[in-house]
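Coordinate inspection notes
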Amino acid sequence: MRLPIIAGNWKMHKTVRESVDFARQLMIAYAESPDRRVIVAPPFTSIYAVAAVLMGSGIHVAAQNLHDKQAGAFTGEISAAMLVDAGCEYAIVGHSERRALFGERDDVINRKLRAAISFDLRPIFCIGETLDEREAGRTFTVVERQIKEGLNNFTADDIKPIVIAYEPVWAIGTGRTATPEQAQEVHAYIRAVMGKIYGDSLAGLLHVIYGGSVNPGTIGGLMAQPDIDGALVGGASLDVESFVKIIQF
Ligand code: 13P
């Protein structure tokens, strides 16, 4: 039994005050439920304040990125240890915007995943193909490469805390959600790849969540699929009402 995970990725949105207001409203609108895991990923500047508000609420906090080193002369960067200290339990790693806009390659993502798990920060490891890759029939090849390189040298124990997020790049911020069938096909493939490497029983426990234009209208169909274990929501997570509707799919 895999508990559904609904995570909101706020990207570069919300001041500290707006973030804290959101967290307070979310706690009022959403009573803790044993059959959901709810996560919010504020910008770095809001993490500490949001985590303080949400403490004890059953709503978890994620970072959107981290650096792979613990400390040092890395101007502008933030380590896993700092994120845990600020109240994070999760960290998004390898988001397609990081890959495309900030040049993060699979080897960098591999080091970030390693840094996260070393500090008991659970990674939400993002993978997914571009439109060109899908149209060239390369979706499976691309996600398999991202998994194998991202998780290079990871043991079965290492992968237990990891959540995989399948986010087809063509569906992010475009209003073009993958159909439940399109998403299911890739989720099943991801689970099969993980099964081949780590064994089917471990792969059966793994959370594979979907991201890309998820909204209150599309979440139900996605969650009805056997291999879709939740959602990583961008735009529709910025508004409490729509985020709560998604949580309560
Ligand atoms: P949208 O829901 O805005 O398409 O963003 C998805 C995403 O990138 C979540 O990480």
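Residues numbered from 1 in each chain as written. Predicted model: local features only at pLDDT ≥ 70, side-chain atom pairs only at ≥ 80, totals over all residues. Heavy atoms only, no water.

1. Brief notes about helix 7 (residues 139-150)
Over its 12 residues, helix 7 extends 16 Å from the first C-alpha to the last, a length consistent with the 16 Å expected when each residue adds 1.5 Å. Within helix 7, the full set of buried residues consists of T139, V142, V143, E144, Q146, I147 and G150. Residues of helix 7 that are buried sit in contact with helix 4 (96-102), helix 5 (106-118), strand 5 (122-127), helix 6 (131-135), strand 6 (163-166) and helix 9 (180-198). (Helix = DSSP H or I, 4+ residues; strand = E, 2+ residues; numbered from the N terminus. Expected span 1.5 Å × (residues − 1). Buried < 20%, exposed > 50% of the residue type's maximum accessible area, 1.4 Å probe, protein only. Contact = heavy atoms within 4.5 Å.)

2. With respect to the packing of helix 7 against helix 9
At a minimum axis distance of 10 Å, the contact between helix 7 and helix 9 shows a crossing angle of 40°. Here helix 7 lies oblique to helix 9, going by the angle between them. Two packed elements cross with a definite hand, and for helix 7 against helix 9 that hand is right-handed. Taking contact as the criterion, the partners of T139, F140, V143, E144, I147 and K148 in helix 7 are, on helix 9, E185, V186, Y189, I190, V193, M194 and I197. When its residues are assigned to classes, the contact of helix 7 with helix 9 shows nine nonpolar, one polar and three charged. (Axes fitted to C-alpha atoms, helices over the stretch in contact; angles between N-to-C directions. Parallel < 35°, antiparallel > 145°, perpendicular 65-115°, else oblique. Left-handed = near helix turned anticlockwise from the far one by under 90°. Nonpolar A, V, L, I, M, F, W, Y, C, P; charged D, E, K, R; others polar.)

3. Observations concerning the nonpolar core
Counting residues in each nonpolar core, the largest one holds 67 residues, and the members touching the most others are L26, L66, L151, I164, I190, M194 and Y210. By residue number, the principal contributor to this core is helix 9, which donates six residues. Residues in contact with L26, not counting those within four places in the same chain, are V40, I59, V240, F243, V244 and I247. Listed in part, the 13 residues of the second largest apolar core include I39, A62, C126 and A165. (Core = buried A, V, L, I, M, F, W, Y, C linked by side-chain atoms within 4.5 Å.)

4. With respect to the packing of aromatic side chains
Inspection of the entire model under this criterion finds four aromatic pairs. With centroids separated by 4.8 Å and ring planes inclined at 70°, the aromatic side chains of W10 and F22 adopt a geometry described as edge-to-face. With W10 in the loop between strand 1 (5-9) and helix 1 (16-29) and F22 in helix 1, this residue pair connects regions lying 12 residues apart in the sequence. Among the residues examined, W10 registers a relative accessible area of 0% and is labelled buried. Among the aromatic residues, those joined into a ring-pair cluster are W10, F22 and F243. When the ring centre of W10 is taken as reference, the NZ or CZ atom of K14 above it lies at 5.6 Å. Positioned over the ring face of F102 is R98, at 4.1 Å from the centre of the ring. (Phe/Tyr/Trp six-rings, centres within 6.5 Å; stacked < 30°, edge-to-face > 60°. Lys NZ or Arg CZ within 6 Å of the ring centre and 35° of its normal.)

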